[in-house]
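Spelled out from the first residue to the last, the chains are:
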Amino acid sequence: MTSIPDAPSAARSSSNHLGSPGTGVLVTGGGSGIGRATALALAEVGRPVAIWDIDAAGAEETAARCRAFGVTAHAAVVDVADSSVIGSAVTAAADALGSLGGFVHAAGVSGAGTVDDIDDVVWDETLNINLRAAAMICRHLLVPFREAGPGSAVVLISSIEGLFGSVMLTAYCASKGGVLGVMRSLAQRFAMEGFRVNAVCPGAVATPMLEPAFAIPGFREQLEERTPLQRISTPDEIARPIRFLLSSEASFVTGAHLTVDGGLTAVTAI
Ligand code: NAD
């Protein structure tokens, strides 16, 4: 009689949960918000995670919560705007996890301000963290990705502000549009090695980044009203599409951006 295989158990999920490989993933900005939710979603399917943040306590808390899923989790204080430390930090992450076959760039700042207010400091900080770091980290990934194998993949976090303009977010819009350009360019380079590179474009997500905007009376209500799904998203509603893009379920998806905004940009410009 042919035996029916057991359903995947949590213990075996590390190599075969929804196509998720068992290799380690580096998540920048993993101390909060979408980065933390992504690290947890990956740990849930058995992937080891390296969490980088400038917030040491936040990174360590995420790592501790990931370890509860039985995976290796490595927390490190890394300022992604400091290109000089990236190479050694990538090596340390790969060593700590045993393999590095995924990368999610979730570190980010809003750099809020109209063009009237903007100065070099805000511009450089926003562009360096949101955009330059994505490329500077990816340039160090080819070696560990080759070692990890053909399922390796990158997801960069852009935004609906990478697709449309927003008067209050001049530097942010520049950085998030730039992320999509970098993603498309890297997709071509990484494809030469069998690796994939994609981006997600979230709409409004309930994280500390949006707290100043939500303090403006009526802002959240207006946003929810204009969104077809009539609400903003939770961080894990962004994390799960990211996990999908890192998995073999998305094996022919590269050079693409996935908008995750409750339908907002399908019906209106922002
Ligand atoms: P968040 O503020 O909760 O998390 C951002 C994290 O990045 C923080 O832990 C912060 O300490 C870290 N960080 C900031 N500068 C850093 C640096 N130089 N080096 C390392 N880490 C640094 O915000 P979030 O909402 O989770 O944002 C995550 C990403 O998602 C960002 O790129 C953001 O632009 C993007 N995004 C957010 C929303 C939203 O509505 N929250 C919407 C679209 C896109």
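Just above, that's the structure.
Calculation notes
- Residues numbered from 1 in each chain as written.
- Predicted model: local features only at pLDDT ≥ 70, side-chain atom pairs only at ≥ 80, totals over all residues.
- Heavy atoms only, no water.
- Patch = residues over 30% accessible without salt bridge, like charges linked within 9 Å, V, L, I, M, F, W, Y side chains within 5 Å.
- Areas by Shrake-Rupley, 256 points an atom, 1.4 Å probe, with all protein chains shown as cover.
- Salt bridge = Lys/Arg side-chain N within 4 Å of Asp/Glu carboxyl O.
- Lys, Arg positive; Asp, Glu negative; His and termini not counted.
- Charge placed at Lys NZ, Arg CZ, Asp CG, Glu CD.
- Helix = DSSP H or I, 4+ residues; strand = E, 2+ residues; numbered from the N terminus.
- Axes fitted to C-alpha atoms, helices over the stretch in contact; angles between N-to-C directions.
- Parallel < 35°, antiparallel > 145°, perpendicular 65-115°, else oblique.
- Left-handed = near helix turned anticlockwise from the far one by under 90°.
- Contact = heavy atoms within 4.5 Å.
- Nonpolar A, V, L, I, M, F, W, Y, C, P; charged D, E, K, R; others polar.
- Phe/Tyr/Trp six-rings, centres within 6.5 Å; stacked < 30°, edge-to-face > 60°.
- Buried < 20%, exposed > 50% of the residue type's maximum accessible area, 1.4 Å probe, protein only.
- Lys NZ or Arg CZ within 6 Å of the ring centre and 35° of its normal.
- Near = heavy atom within 4 Å.
- Polar contact = N/O pair within 3.5 Å; in protein donor to acceptor, adjacent residues only side chain to side chain.

> How do you make sense of a negative patch on the surface when you look at a structure like this?
A grouping of Asp116, Asp117, Asp119, Asp120 and Asp124 is seen on the molecular surface, where their side chains present a negatively charged patch. Here aspartate 119 shows up in the loop between strand E4 (102-105) and helix H4 (120-138).

> Looking at this structure, how should I read the packing of helix H1 (residues 33-44) against helix H9 (residues 236-246)?
The axes of two packed helices give the description: the angle between them and the distance between them. Between H1 and H9, the shortest axis-to-axis distance is 8 Å and the interhelical angle comes to 50°. When the axis of H1 is compared with that of H9, the two are oblique. Taken as a pair, H1 and H9 cross one another with a handedness that is right-handed. Here Ile34, Ala37, Thr38, Ala41, Leu42 and Glu44 of H1 lie close against H9, whose contacting residues are Asp236, Ile238, Ala239, Ile242, Arg243 and Leu246. Grouping the amino acids of the contact of H1 with H9 by side-chain chemistry returns eight nonpolar, one polar and three charged.

> Any chance you could explain the packing of aromatic side chains here in plain terms?
The way to describe two aromatic rings as a pair is by their centre distance and the angle between their planes. Applying the stated rule across the entire model yields four aromatic pairs. Taken together, a centroid distance of 5.4 Å and an interplanar angle of 85° make the contact between phenylalanine 145 and phenylalanine 195 edge-to-face. Here phenylalanine 195 lies in the loop between helix H6 (170-191) and strand E6 (196-202) and phenylalanine 145 lies in helix H5 (residues 142-148), a separation of 50 residues in the sequence. Judged by relative accessible area, phenylalanine 145 falls into the buried class, the value being 0%. On the basis of relative accessibility, which here comes to 3%, the residue phenylalanine 195 falls in the buried class. Taking the centre distance of 6.4 Å and the plane angle of 70° together, the rings of phenylalanine 190 and phenylalanine 195 count as edge-to-face. Taken together, the ring pairs connect Phe145, Phe190 and Phe195 into an aromatic cluster. Between arginine 220 and the ring centre of phenylalanine 214, over which it is positioned, the NZ or CZ distance is 5.0 Å.

> Where do I start with the site of the ligand in this structure?
Around the ligand, a shell composed of 27 residues is seen, among which Ser32, Asp53, Tyr172, Lys176 and Thr207 lie nearest. A distance of 2.8 Å separates a nitrogen atom of the ligand from a polar atom in the side chain of aspartate 79. The contact in question runs from a nitrogen atom of the ligand to an N or O atom on the backbone of valine 80, over 3.0 Å. For the ligand, whose free accessible area comes to 820 Å², the fraction covered by protein is 93%. Those elements giving two or more residues to the shell around the ligand turn out to be H1 and H6.

> I'm lost on the pattern of salt bridges in this one. Help?
Two side chains of opposite charge can pair, provided their charged atoms sit close to one another. This structure, assessed with the given rule, holds nine salt bridges. The shortest N-O distance in the salt bridge between arginine 36 and glutamate 61 comes to 3.6 Å. A residue pair is termed long-range when its members are at least 10 positions apart, and arginine 36 in helix H1 and glutamate 61 in helix H2 (residues 56-67) qualify at 25 residues. Glutamate 61 sits in the partly exposed class, given a relative accessible area of 41%. Close ionic contact of glutamate 60 with arginine 67 constitutes a salt bridge, the shortest N to O distance being 3.0 Å. Overlapping salt bridges, with partners in common, bring together Arg36, Glu61 and Arg65 in one network.

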